[in-house]
Amino acid sequence: MIITTCPQVWEGTGAYWVLKNLEFIAKTKHIPWEQLQVKDADLVITCGIGEVDLLRLRKQGVKIGVLFCSPLAQAHIVPTSLNGDLDSLLRYKNMLESGDIDYIFLVSQKLADLFDNKKIIYLPPPLHWEDFPKTPEKDRKGIGYFGTMDRHKNLATMFGAVKHLEITDPFILTGPEKVSMCSFFSHLFDMKNIVLHQRLPRQALLDVMSKIKLGIQIGFSESFNYAVWELAMLKIPSIVGPSISWYIENEPLREYCLVQNLDDPISIAAKIQRIYSGSDDLYLMLCNVSKDEAILKMERNNQRVQEVLEKI
């Protein structure tokens, strides 16, 4: 049996969903770190666990894999040290070489390709979706951002682009940690259309997401981006940066949804306006192809996940 685990405070993060969704794709079992029992486990895949606890886990005679979710640029600016979260990756690499852990799983293919080590393995995010009621296209309203406040998310440019649109439709965000940020930009840009929801349970969050017309995720570094994928599964297109490469493999999405200059709120606003206020035919086409691309990505990722875990 493969068990996955992370601290409960990590629940809702991208790393958590990688571990949790393995239950649906690879028949693993996810147990919060605070409740972990490793009896009958062949492998424990962890995230957010320090070296001391990993060594204690090792003494229980179980194989250990560590999940690391960030690509290079994102990891480098995480404010934990001068080297960002890459310090953690170096410590994991040292533990792998000393035999204290057995595998490092990287969500970034490009980062995994930098290592010549068969125990440093690319593991794409496993993707699981349950049918959810969709809001008819004609009833959707507003632009939505459902990501974190991390530096790589390019939040100032995002707010500037929405400001330049001068629309009265809501700019919707979620999470109580964004209160001060929304207040700041509402004063800086005199924005009256910001709507901030508190932290929502998953079904309530999907309900909010299903009612927007367009998503926006223009961060400069991403390993995958669950929010864009969930919106696509709801048949809602998103404006994205080049780092969400899986989304823009589709030619129409690349033409209409890809932002080239991540530091140009005026051109980003024009990209949004073209879709948001454009023809119904264009919008419906992007809704359909975004769903098609999300399904294709789900099939590819889940196949790779099964292949990886079957070999170890």
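Calculation criteria
- Residues numbered from 1 in each chain as written.
- Predicted model: local features only at pLDDT ≥ 70, side-chain atom pairs only at ≥ 80, totals over all residues.
- Heavy atoms only, no water.
- Core = buried A, V, L, I, M, F, W, Y, C linked by side-chain atoms within 4.5 Å.
- Buried < 20%, exposed > 50% of the residue type's maximum accessible area, 1.4 Å probe, protein only.
- Helix = DSSP H or I, 4+ residues; strand = E, 2+ residues; numbered from the N terminus.
- Contact = heavy atoms within 4.5 Å.
- Pairing = 2+ DSSP bridges.
- Axes fitted to C-alpha atoms, helices over the stretch in contact; angles between N-to-C directions.
- Parallel < 35°, antiparallel > 145°, perpendicular 65-115°, else oblique.
- Left-handed = near helix turned anticlockwise from the far one by under 90°.

J.: Let's hear about the nonpolar core: which residues, and what values?
T.: Counting 83 residues, the largest nonpolar core has Phe159, Phe171, Tyr247 and Ile272 as its most contacted members. Top element by residues in this core is helix α12 (residues 280–311). It accounts for ten residues. Once residues lying within four places of it in the same chain are set aside, the contact partners of Phe159 are Phe171, Leu173, Met181, Cys182, Phe185, Phe189, Met191 and Ile194. Among the nonpolar cores identified, the runner-up in size contains 25 residues, and Ala75, Tyr92, Ile104 and Leu106 belong to it.

J.: Kindly report on the sheet that holds strand β3 (residues 43–46), identifying the contributing residues and their values.
T.: With parallel pairing, six strands are arranged side by side in an open sheet as β2-β1-β3-β4-β5-β6. One side of each edge strand has no neighbouring strand; the edge strands of this open sheet are β2 (29–30) and β6 (120–122). Pairing of strand β1 (residues 2–5) with β3 involves four bridges; the strand directions are parallel. Residue pairing in the sheet places Ile2 in a bridge with Leu43 of β3. Most of the contacts of α12 go to β6, to which it runs at about 155 degrees, and overall it touches β1, β3, β5 (103–106) and β6.

J.: Hey, could you go over the packing of helix α2 (residues 51–58) against helix α4 (residues 86–98) for me, with residue numbers and the actual values?
T.: Packing of α2 against α4 brings their axes to within 12 Å, and their N-to-C directions diverge by 25 degrees. Accordingly, the angle class assigned to the pair α2 and α4 is roughly parallel. Note that α2 runs across α4; the crossing there is right-handed. Mapping the contact onto sequence places Glu51, Leu54 and Leu55 in α2 and Arg91, Tyr92 and Met95 in α4.

J.: I'd love a proper account of the sheet that holds strand β9 (residues 194–197), names of residues and values included.
T.: With respect to topology, five strands assemble into an open sheet ordered β9-β8-β7-β10-β11, the strand pairing being parallel. Among the strands making up the open sheet, the edge pair consists of β9 and β11 (238–240). Across the sheet, the axes of successive neighbouring strands diverge by a mean angle of 25 degrees, strand direction being ignored. By the bridge criterion, three bridges tie strand β10 (residues 214–217) to β11 in an arrangement that is parallel. Among the inter-strand pairings, Ile216 is bridged to a residue of β11, identified as Ile239. Running at roughly 160 degrees to β10, helix α11 (residues 265–276) makes contact with β7 (143–145), β10 and β11 of the sheet.

Taken by themselves, the reported measurements are silent on function.
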